[in-house]
Amino acid sequence: HHETQFDLSKAPLINIAVFISTGGSITLSVVMHHAIGDDWSTAILGREFLSIYQSLEKNTQPQLAELPYSYIDFSLWQHKTLYQNGIATEKLKADLAFWHAELSDAPREIPFPISKPSNTTSSYIGERQFLQLPNDQAARVRDYAKRKQVSMFELMLASLNTLMFKWASTNDVVIGTVEAGREKQ
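Everything numeric here is computed off the predicted structure, so don't read it as measured data.

Caption draft 1: Just the environment of Leu82, in detail. Position of Leu82 relative to the elements: it lies in helix H2 (residues 71-82). The exposure class of Leu82 is buried, given its relative accessible area of 18%. The spatial distance from the C-alpha of Leu82 to the C-alpha of Gly46 is 29 Å, given a sequence separation of 36 residues.

Caption draft 2: Layout of the side chain of His33. Along the polypeptide, His33 turns up in the loop between strand E2 (26-32) and helix H1 (39-58). Look past the residues within four positions of His33 in its chain and what remains in contact with it is Phe6, Leu8 and Leu13.

Caption draft 3: Structural view of the environment of Ile20. Its location among the elements puts Ile20 in strand E1 (residues 14-20). C-alpha separation for the pair Ile20 and Lys10, spaced 10 residues apart in sequence, amounts to 29 Å. Discounting chain neighbours no more than four positions away, the residues touching Ile20 are Ser25 and Ile26.

Caption draft 4: Looking closely at the pairing of E2. One ladder, built from 7 bridges, connects E1 with E2; its direction is antiparallel. Opposite Ile16, over in E2, you have Val30 as the bridge partner. Where E1 folds back on E2, the antiparallel hairpin that results is connected by 5 residues, among which Gly24 adopts a positive phi of roughly 95 degrees.

Caption draft 5: Inspection of the packing of helix H4 (residues 135-148) against helix H5 (residues 152-167) at higher detail. Running from N to C, H4 and H5 point in directions that differ by 100 degrees, and their axes come no closer than 9 Å. By the angle between their axes, H4 is roughly perpendicular relative to H5. Seen from H4, the contacting residues are Val141, Arg142, Tyr144 and Ala145; seen from H5, they are Met152, Leu155 and Met156. For the contact of H4 with H5, a count of residues per class yields 6 nonpolar, no polar and 1 charged.

Caption draft 6: A look at the environment of Ser169. Mapped onto the fold, Ser169 is located in the segment after H5. In the structure, Ser169 is positioned 49 residues away from Thr120 in sequence and 20 Å away in space, judged by C-alpha atoms.

Caption draft 7: The arrangement of the pattern of salt bridges in detail. The final tally for this structure, using the stated rule, is 4 salt bridges. Lys10 is paired through a salt bridge with Asp7; the nearest N and O atoms lie 3.8 Å apart. Given the relative accessible area of 54%, Lys10 is considered exposed. The partner of Asp136 in a salt bridge is Arg140, with the nearest N and O atoms 3.5 Å apart. Of this pair, Asp136 and Arg140 both sit in helix H4, separated by 4 residues, roughly a single helical turn.

Criteria and cut-off values
Residues numbered from 1 in each chain as written. Predicted model: local features only at pLDDT ≥ 70, side-chain atom pairs only at ≥ 80, totals over all residues. Heavy atoms only, no water. Helix = DSSP H or I, 4+ residues; strand = E, 2+ residues; numbered from the N terminus. Buried < 20%, exposed > 50% of the residue type's maximum accessible area, 1.4 Å probe, protein only. Contact = heavy atoms within 4.5 Å. Pairing = 2+ DSSP bridges. Axes fitted to C-alpha atoms, helices over the stretch in contact; angles between N-to-C directions. Parallel < 35°, antiparallel > 145°, perpendicular 65-115°, else oblique. Nonpolar A, V, L, I, M, F, W, Y, C, P; charged D, E, K, R; others polar. Salt bridge = Lys/Arg side-chain N within 4 Å of Asp/Glu carboxyl O.

Take a look at the structure:
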């Protein structure tokens, strides 16, 4: 299921599955192509799934808020902002020029001390590692972020950056993150 491949010429561009373990735990898995949603949309979808699940548990009708705009509304606004008559706007050109200059000195590859050699062919298939902190440790991390007036995301990103800087044999480490580009709600 997690290796779903989508054909952009055919619907659906989303794959939803429910897995029930032998122990009775239930996992909802949602895999969707990035063309139909971004992280912002995924967060809304997650909240709506949770709301529906909680309503089903209580045997009540789900109460979902009407969205002020949809992903397609955002996509159309973004396209109009970046292109006019199929030609890149000055804003898009300026944004691209900024990032091209900003990243021009970035290393193409950062060598890390790893246990196995990397494949010479890029597959773009990554792995995930999960770590669950004990409640008391997680509370200390949240408290630290609050004292420093940063989000948990910012704290974890800074921690990852520090770790990569320590392990890399370079002073230049670039980390990319998903960003919806929605400055206003």
